[in-house]
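Results of the structural survey
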Amino acid sequence: MTALALARSRRGLKTLVAGPGQGRTRTRARSFLPGLLIVGGPLVLALAGPLFAGDAGPRGTSLTTGDGHRFGTDFTGRDVGRQVLLGGRSVVLVALASTALAYAVALPAGLVCALTRRRWVEELLMRPLDVLLSVPSLLLILLVAAAVAPGPAGLALLVALVTLPDAARIVRAAGAEAASRPAVEALRMQGESWARIAFGYVGRSVARTLAADAGVRLTGALYLVATAAFLGVGVAPDAADWAVMVDRNRAGLFVQPWAVVVPALLIVALTMGGNLLVDAALARRGSKETRV
């Protein structure tokens, strides 16, 4: 027996012992690994970082390295490492909350528009969202912030508000195709409830599209939250926040780059890792549908 034939027989024996399902499971798990590795660090720092930040020590010289500060000091002499541990929770929680709030409204509104047979219902729901869509997102946030100073909760509501029109239109467009199928008419003739038709059939049919869009919305929410914090909306000017750190320390980028590079890289890792996880989940769902 040649070496090639021997190798093939060994692979075949391993497949028989382990079974094809186990190999597919390992492949699916590996597809999530890059996204988990990229997003895991920023998430752990954001959620658990404040527990390990410790007490604030004496302030040092602004924008310097050394003197017991692993990543140097920021523009006010605070330890950059401690500020990084404290500064991620607000960014992550506000972005997640705003995305969840946007979809909590966009999903039922979009499904109602997709399934309704009354034109006026669709007009009533979608036209106000079109007005919001015509105003640039960041401009709307700044206009509201000029009148009312929002905290983190207010910033989450604002980001959800500007994200809502796009999300609702995606849900309506994706749901309209599924709602036009004969299966939906059959479910209506059987006397199924609206909720079962909307969420049980139409919602499941467009789940892949909505999952992809949710990843994009989360990335956009992270961008808007970071940009708003960069402009001083929703957070104090000297708050421990990754976006604020990038803004306030950028003048000393070439003197003490860690104060800008570390929080900026963490924000980038959050967006990249989140999109990789969504892509892996979509690929896994697509392979299941292909086998079925």
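Coordinates for the structure precede this section.
Computed from a prediction, not measured in an experiment: that's the story for all the values here.

This part is about the packing of aromatic side chains. For the structure shown, the criterion picks out 2 aromatic pairs. Taking 6.0 Å as the distance between ring centres and 65° as the angle between the ring planes, the aromatic pair formed by F71 and W258 counts as edge-to-face. Taken together, the positions of F71 in the loop between α2 (20-52) and α3 (80-115) and W258 in helix α11 (residues 258-291) put the pair 187 residues apart, joining distant regions of the chain. A relative accessible area of 30% places F71 in the partly exposed class. Assessed through its relative accessible area of 42%, W258 is described here as partly exposed. Ring geometry for W194 against F199: centres 6.0 Å apart, planes inclined by 85°, an arrangement best described as edge-to-face. For W194, a relative accessible area of 39% puts it in the partly exposed group.

This brings us to the nonpolar core. Judged by nonpolar contacts, the single largest core of 35 residues is most densely connected at V84, I141, L155, V159 and W242. Counting only elements with at least two residues in this core, the list comes to α2, α3, α5 (137-147), α6 (152-179), α9 (207-230), α10 (242-249) and α11. Looking at which element gives the most residues to this core, the answer is α9, with 7 residues. Setting aside chain neighbours within four positions, we find V84 in contact with L45, W242, M245, V262 and L266. Counting 21 residues, the second largest nonpolar core, distinct from the first, contains L111, C113, A174 and I197.

Turning to the pattern of salt bridges, a few remarks are in order. Tallied over the entire structure, the rule returns 13 salt bridges. Across the salt bridge formed by R119 and E122, the nearest N and O atoms sit 3.7 Å from each other. Placement of the pair is R119 and E122 together in helix α4 (residues 119-133), with a separation of 3 residues, close to one helical turn. On the accessibility criterion, E122 (15% relative accessible area) is buried.

As for its placement among the helices and strands, A264 is situated in helix α11. Looking at A264, the relative accessible area reads 28%, which means it is partly exposed. Along the primary structure A264 and W242 are separated by 22 residues, whereas in three dimensions their C-alpha atoms are 7.1 Å apart.

With respect to the helices and strands, the residue R217 is situated in helix α9. When its relative accessible area of 15% is taken as the criterion, R217 is described as buried.

This brings us to the packing of α4 against α6. Where α4 meets α6, the axes come as close as 9 Å, and the angle between the chain directions of the two elements is 135°. Here α6 runs oblique to α4, going by the angle between their axes. Both α4 and α6 take part in a crossing whose hand is left-handed. Note on element contacts: α6 touches α4 through L161, L164, P165, D166, A168, R169 and R172, opposite E122, M126, R127, L129, D130, L132 and L133. Class assignment of the residues belonging to the contact of α4 with α6 gives a composition of 8 nonpolar, no polar and 6 charged.

The rules behind these values
- Residues numbered from 1 in each chain as written.
- Predicted model: local features only at pLDDT ≥ 70, side-chain atom pairs only at ≥ 80, totals over all residues.
- Heavy atoms only, no water.
- Phe/Tyr/Trp six-rings, centres within 6.5 Å; stacked < 30°, edge-to-face > 60°.
- Helix = DSSP H or I, 4+ residues; strand = E, 2+ residues; numbered from the N terminus.
- Buried < 20%, exposed > 50% of the residue type's maximum accessible area, 1.4 Å probe, protein only.
- Core = buried A, V, L, I, M, F, W, Y, C linked by side-chain atoms within 4.5 Å.
- Contact = heavy atoms within 4.5 Å.
- Salt bridge = Lys/Arg side-chain N within 4 Å of Asp/Glu carboxyl O.
- Axes fitted to C-alpha atoms, helices over the stretch in contact; angles between N-to-C directions.
- Parallel < 35°, antiparallel > 145°, perpendicular 65-115°, else oblique.
- Left-handed = near helix turned anticlockwise from the far one by under 90°.
- Nonpolar A, V, L, I, M, F, W, Y, C, P; charged D, E, K, R; others polar.

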